[in-house]
Amino acid sequence: MLVEVFEDHSPDVDITFTKGDLGDVVPHDNDPIVISLVTAGRTVHRVLVDQGSSADVMFWPTFEKLQLSPDQLKPYGGCLYGFAGDQVEVWGYIELRTTFTDGSASHTEKIRYLVVNAPSTYNILLGRPTLNRTGVVPSTRHMKVKLPSMEGVVITIRSNQKEAKKCYENSLKNKRSVCHVTTTPPPSVEPEQDNRRVVDTALEVAAEDDVAMEDVEARPESTARVEEEKNCPETARESGIARALIASEKRPQPVDE
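Every value quoted in this text rests on a predicted model; they were computed, and no experiment measured them. (Residues numbered from 1 in each chain as written. Predicted model: local features only at pLDDT ≥ 70, side-chain atom pairs only at ≥ 80, totals over all residues. Heavy atoms only, no water.)

**Student:** An account of the overall build of the chain is requested, with residue identities and associated values reported.
**Tutor:** The number of helices and strands found in the chain is five helices and 14 strands. For the chain, with 257 residues in total, the buried portion stands at 33%. Split by element, the accessible area of the chain, about 17,000 Å² in all, is 50% carbon and sulfur. (Helix = DSSP H or I, 4+ residues; strand = E, 2+ residues; numbered from the N terminus. Buried < 20%, exposed > 50% of the residue type's maximum accessible area, 1.4 Å probe, protein only. Areas by Shrake-Rupley, 256 points an atom, 1.4 Å probe, with all protein chains shown as cover.)

The structure is reproduced here in structure tokens:
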């Protein structure tokens, strides 16, 4: 267990958003805030300000593009879990000095990034640890983030709405899945040359390229469903499939009621 004592040395500055901050905002449909920052001596774009993340995350392609060495990674014993509860493997963490700037003022902070190898349209996710420590105040309505500089000046960083839309559209490509259902011919019927049919189960509107493929074999939902299929008119192929499924189904049966 580790307890860290954090002392807030940032100046006490009032941060407000006014109607003037809406002047350069393009009408949007709940776009996320995507900004740019400077870390490891390079400007990194497509940085998502994610208030729902409990960690600051850097993805492996970004780590490589920054020309960082894997030897700089320190072991991380914790785990990351996605929105659906799936676990994401953490390769380690690295601490980098990161600068937020709007061209006139800047704020530099050392950020601990968890490095993961997972598909993402973003380069970095800025989570609650950095947002709270640096005093970053995001506003999705005004498409900006504001934070105080060490001199007491309010830094205003605009969200790149064009990049935000592009990242969202690219993320839809990863959500599209295509299932391959393999049918089994009956023993008395010669197998066809191509006995695989493709069923498109896309749940999101996505582009046709970069589609994630997933092989899914057909499985019987229950014995009752198989019995129901037996009572229906069926072809020789369907009859062979039903017999094959019943023969392969060896489930434990109750002894008593």
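Still more ground to cover, so stick around.
**Student:** Can you explain the environment of L37? Please cite residues and give values.
**Tutor:** Along the polypeptide, L37 turns up in strand β1 (residues 34-39). Taking relative accessible area as the criterion, L37 reaches 2% and is therefore assigned buried. Considering only alpha carbons, one finds L37 and T99, 62 residues apart in sequence, at a separation of 6.0 Å. Once you skip the residues sitting within four places of it in the chain, L37 turns out to touch R42, T43, V44, V47, T98, T99, F100, Y113, I124 and L126. (Contact = heavy atoms within 4.5 Å.)

**Student:** Would you mind going over the pairing of strand β11 (residues 154-158) in detail, with residue names and values included?
**Tutor:** The side chains of a regular strand alternate between both faces of the sheet. The alternating pattern of β11 places I155 and I157 on a buried face and V154, T156 and R158 on a face that is not buried. Examined bridge by bridge, strand β10 (residues 144-148) and β11 share five bridges and lie antiparallel to one another. Considered in β11, the bridge of K144 is made with R158. Linkage of β10 to β11, two consecutive antiparallel strands, is achieved through a turn of five residues, within which G152 is found at a positive phi near 90°. (Pairing = 2+ DSSP bridges.)

**Student:** Tell me what's going on with the side chain of Q161, and back it up with residues and numbers.
**Tutor:** Turning to its location among the elements, Q161 is positioned in helix α3 (residues 161-175). Judged by relative accessible area, which is 11%, Q161 ranks as buried.

**Student:** Go over the packing of aromatic side chains, please, and point to the residues and values.
**Tutor:** Under the definition given, this model contains two aromatic pairs. When the ring of W60 is compared with that of F63, the centres are 4.9 Å apart and the planes differ by 15°; the resulting orientation is stacked. Of this pair, W60 and F63 both sit in helix α1 (residues 60-65), three residues apart, roughly one helical turn. Exposure remark for W60: the relative accessible area of 14% places this residue in the buried category. F63 gets classed as buried once you look at its relative accessible area, which sits at 0%. For the pair W60 and W91, a centre-to-centre distance of 4.7 Å together with 50° between the ring planes defines the contact as tilted. (Phe/Tyr/Trp six-rings, centres within 6.5 Å; stacked < 30°, edge-to-face > 60°.)

**Student:** Give a description of the sheet that holds strand β2 (residues 42-49) that names residues and reports values.
**Tutor:** In spatial order, the strands read β1-β2-β8-β3-β7-β6; together these six strands close into a barrel with mixed pairing. Across the sheet, the mean angle from the axis of one strand to that of its neighbour is 45°, orientation sign disregarded. Strand direction decides the pairing type here: β1 and strand β6 (residues 90-101), joined by two bridges, are antiparallel. Bridge pairing in β6 links T39 to T98. (Axes fitted to C-alpha atoms, helices over the stretch in contact; angles between N-to-C directions.)

**Student:** Could you give an account of the pattern of salt bridges, with specific residues and numbers?
**Tutor:** For the coordinates displayed, the defined rule picks out six salt bridges. R112 is paired through a salt bridge with E95; the nearest N and O atoms lie 3.4 Å apart. With R112 in strand β7 (residues 106-116) and E95 in strand β6, this pair connects stretches of sequence that are 17 residues apart. Under the relative-accessibility criterion, R112 is labelled partly exposed at 34%. Taking the shortest distance from any N to any O, the salt bridge between R133 and E109 comes out at 3.5 Å. With R133 in helix α2 (residues 128-134) and E109 in strand β7, this pair connects stretches of sequence that are 24 residues apart. A relative accessible area of 18% means that E109 is categorised as buried. Overlapping salt bridges, with partners in common, bring together D24, K144 and R158 in one network. (Salt bridge = Lys/Arg side-chain N within 4 Å of Asp/Glu carboxyl O.)

**Student:** Quick one: what's the story with the confidence of the model for the chain, residue by residue and with numbers?
**Tutor:** On average, the chain scores 76 in pLDDT, and the residues at 70 or more come to 67%. Residue range residues 177-184 is modelled with pLDDT below 50. Its contacts to residues more than four positions away, or to other chains, number 38 contacts. Counted against residues more than four places away or in other chains, residues 191-230, with its pLDDT under 50, gives 64 contacts. (pLDDT = per-residue confidence, 0-100.)

**Student:** Could you give an account of unusual backbone geometry, with specific residues and numbers?
**Tutor:** In this model, Q67 sits at a positive phi of 60°, which is unusual for a non-glycine residue. With respect to the helices, strands and loops of the structure, Q67 is situated in the loop between α1 and β4 (80-81). For M143, which is not glycine, the phi dihedral falls at a positive 55°. Tracing the backbone through its elements, the reader meets M143 in the loop between β9 (137-139) and β10.

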